[in-house]
Amino acid sequence: MTLIKSISGIRGTIGGKTGDTLNPLDIVKFTTAYATFIRRSTQNPSNKIVVGRDARISGDMVKNIVCGTLMGMGYDVINIGLATTPTTELAVKMSGADGGVIITASHNPRHWNALKLLNSEGEFLTADNGNEVLTIAEKEDFDYADVDHLGKYTDDDTFDKRHIEAVLALKLVDVEAIRKARFNVVVDSINSVGGVILPKLLDELGVNYTFLNGEPNGDFAHNPEPLEKNLGGIMGELAKGGYDLGVVVDPDVDRLAFICEDGKMFGEEYTLVSVADYVLQHTPGNTVSNLSSTRALRDVTEKHGGVYTPAAVGEVNVTTKMKAVNAVIGGEGNGGVIYPESHYGRDALVGIALFLSNLAHKGVKVSELRKEYPNYFIAKNRIDLTPSTDVDAILLKVKAMYEAQPEATVNDVDGVKIDFPNKWVHLRKSNTEPIIRVYSEAGSMEEADLLGKQLMQVVYDMQ
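Residues numbered from 1 in each chain as written. Predicted model: local features only at pLDDT ≥ 70, side-chain atom pairs only at ≥ 80, totals over all residues. Heavy atoms only, no water.

K.L.:
Hey, could you run me through the packing of helix α5 (residues 159-168) against helix α7 (residues 194-204) in this one?
P.N.:
Where α5 meets α7, the closest approach of the two axes is 10 Å, and the angle between their N-to-C directions is 40 degrees. As the angle between them shows, α5 and α7 are arranged oblique. Seen along the crossing, α5 lies across α7 with a hand that is right-handed. Packed against α5, whose contacting residues are Asp 160, His 163, Ile 164, Val 167 and Leu 168, the element α7 presents Val 196, Ile 197, Lys 200, Leu 201 and Glu 204 at the interface. (Axes fitted to C-alpha atoms, helices over the stretch in contact; angles between N-to-C directions. Helix = DSSP H or I, 4+ residues; strand = E, 2+ residues; numbered from the N terminus. Parallel < 35°, antiparallel > 145°, perpendicular 65-115°, else oblique. Left-handed = near helix turned anticlockwise from the far one by under 90°. Contact = heavy atoms within 4.5 Å.)

Right, here's the structure in full:
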């Protein structure tokens, strides 16, 4: 059993002893600390907090505890029910709330759940904010409301519709072109909230669809991370023929992967690349992705005359960098599209609408679209650590070793990333496990894996 407290929220497995799992006692403490932080840091407060959740089996239980605790802190709760992460983010802004709590463990398996915390902009808390919440929780430095100042509770199920309307209103979403294309798609919504909102979006776009795992019961039919190894069902369905595209989302619908009409993966790294290519064609500008994302985004950005900037891993790091460089599009290579014209958060609905607009304009098959982009391969390895391993010292040695090499460019914003002319490798310490993640990219999977393993051996030799 596992409980992980971090600057981005609290995450863990359901059931077991307190202190070891995501249990009601920790949920109350953490929610109280968050409410305390929001009250202390919000100017001109509305005294409202939005709560939304994915369809996990434990979601109703966690939601009841979170909502009751917020009311006990004197906050009026707007419960938007089964909702995607981007819907909840937008609901905070649309309702003028002081913050929001998203109850989702994202791509983690069915026995996990988590609380993700939003500010009044509907964006994730910064590292400093998150640390403050953790400190408040640790010290139990909070007071509950008296009986005359308890919060009120409201259910509001209008935000799916409002989210879809906002997507359709984006200038680069060409609704008419998509309707004329009469796309036929198959969707895997992994038994979560994608099965609630995506049919409504596709209906508005005039897309014919078939859903796999569409019932939002939280009993995930397969590992919910949208990676090729988990998607045999939908890939097999597409291979039968008759479809234009496969669409895959994770349980909270902030990650998005596409599958070509022949049943082969478009590549989750290329979700952002393809959407960015479309956006940059119409609105040239800068882009951002995290350090572990494909170099193809840099190539596409430079093709359109923009500047690509890498950011540390983590959505809040990406959005912060996007604001700093005035990026027109950005995100993460795991299928996360962040389009500021909509909002500063990963949003699969925005990604789907922009991708279909591009596809409708080009009039090509998805497999043909994929061939338009540089072909890179990313290998993902890990180094298991012992309690005595000094990770920071190792990373400093790796940095010094490669800084001396003229063909290498070293970035230490998040771990150590070493860029070579035609490949790169990124080593970073995991925030949740005793490991170093080793991601590497090159023109073939064999070359990428070899590069990663060479750096792993460098690390092993240092221990």
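Having seen the structure, we can now continue with the description.
K.L.:
What's the story with the side chain of Asp 254 in this structure? I'm lost.
P.N.:
Residue position: Asp 254 is located in the loop between β10 (245-249) and β11 (256-259). Filtering out sequence-adjacent residues up to four positions away, Asp 254 remains in contact with Thr 85, Pro 86, Ser 106, Lys 116, Gly 335, Gly 336, Arg 346, Asp 347 and Ala 348.

K.L.:
Hey, could you run me through helix α15 (residues 445-462) in this one?
P.N.:
Each turn of an α-helix holds 3.6 residues, which means side chains three or four residues apart point in the same direction. Under the 1.5 Å per step criterion, the end-to-end length of α15 is 26 Å for 18 residues, consistent within 8% with the ideal 26 Å. Residues of α15 that are buried make contact with β16 (377-384), α14 (391-403), β18 (416-420), β19 (423-429) and β20 (435-442). (Expected span 1.5 Å × (residues − 1).)

K.L.:
How do you make sense of the sheet that holds strand β15 (residues 336-338) when you look at a structure like this?
P.N.:
Pairing between sheet strands relies on hydrogen bonds along the backbone, with the strands arranged either parallel or antiparallel. Taken in spatial order, the 4 strands make up an open sheet running β13-β12-β14-β15, and their pairing is mixed. Two strands in the sheet have a free side with no partner beyond their single neighbour: β13 (308-311) and β15. Ignoring strand direction, the axes of neighbouring strands in this sheet form an average angle of 20 degrees. Looking at chain direction, strand β14 (residues 327-332) and β15 are connected through 3 bridges and run antiparallel. Residue pairing for β15: Gly 331 is matched across the bridge by Val 337. Each of β12 (286-290) and β13 is contacted by helix α10 (residues 296-303), which is oriented at about 175 degrees to β12, the strand it contacts most. (Pairing = 2+ DSSP bridges.)

K.L.:
What exactly am I supposed to notice about the environment of Ile 164 here?
P.N.:
Tracing the backbone through its elements, the reader meets Ile 164 in helix α5. Taking C-alpha positions, Ile 164 is 39 Å from Asn 411, a pair spaced 247 residues apart along the chain. In contact with Ile 164, other than residues within four places in its own chain, are Ile 197, Lys 200, Leu 201, Glu 204 and Leu 349.

K.L.:
Looking at this structure, how should I read the packing of aromatic side chains?
P.N.:
Aromatic ring pairs are described here by two measures, namely the spacing of the ring centres and the angle between the planes. Using the criterion set out here, one finds 6 aromatic pairs in the structure. Ring centres of Phe 142 and Tyr 144 lie 6.0 Å apart, and the angle between their planes is 65 degrees; this geometry places the pair in the edge-to-face category. Where Phe 258 meets Phe 355, the ring centres are 3.9 Å apart and the plane angle is 20 degrees; that geometry is what we call stacked. With Phe 258 in strand β11 and Phe 355 in helix α12 (residues 348-362), this pair connects stretches of sequence that are 97 residues apart. For Phe 258, a relative accessible area of 1% corresponds to the buried category. On the basis of relative accessible area, Phe 355 is assigned to the buried category, the value being 1%. (Phe/Tyr/Trp six-rings, centres within 6.5 Å; stacked < 30°, edge-to-face > 60°. Buried < 20%, exposed > 50% of the residue type's maximum accessible area, 1.4 Å probe, protein only.)

K.L.:
Would you mind going over α5 with me for this structure?
P.N.:
What α5 keeps buried is the set Phe 159, Asp 160, His 163, Ile 164, Val 167 and Leu 168. Buried residues along α5 sit in contact with β4 (76-82), α3 (85-95), α6 (175-181), α7 and α12.

K.L.:
What is the right way to look at unusual backbone geometry in this model?
P.N.:
With the exception of glycine, most residues fall at negative phi, and the peptide bonds are largely trans. Not every positive phi belongs to a glycine, and Asn 191 is a case in point at roughly 55 degrees. A relative accessible area of 7% places Asn 191 in the buried class. Even without being glycine, Asn 326 reaches a positive phi, approximately 55 degrees. Among the secondary structure elements, Asn 326 is positioned in the loop between α11 (315-325) and β14.

K.L.:
Is there a simple way to think about the pattern of salt bridges in this case?
P.N.:
Any two side chains of opposite charge can pair, so long as their charged atoms come close to each other. Counted by the stated rule, this structure contains 31 salt bridges. As a salt-bridge pair, Glu 165 and Lys 161 come within 2.5 Å of each other at their nearest N and O atoms. Of this pair, Glu 165 and Lys 161 both sit in helix α5, separated by 4 residues, roughly a single helical turn. Since its relative accessible area comes to 40%, Glu 165 is described here as partly exposed. (Salt bridge = Lys/Arg side-chain N within 4 Å of Asp/Glu carboxyl O.)

K.L.:
For this particular structure, what's the right way to read the side chain of Ser 192?
P.N.:
Within the secondary structure, Ser 192 is located in the loop between β8 (184-188) and α7. On the accessibility criterion, Ser 192 (0% relative accessible area) is buried. Engagement of the side chain of Ser 192 in a polar contact is seen with the backbone oxygen of Pro 251, the distance being 2.7 Å. Apart from residues no more than four positions distant in its own chain, Ser 192 is found in contact with Asp 54, Ala 55, Glu 215, Pro 216, Phe 220 and Pro 251. (Polar contact = N/O pair within 3.5 Å; in protein donor to acceptor, adjacent residues only side chain to side chain.)

Geometry only, nothing functional implied.
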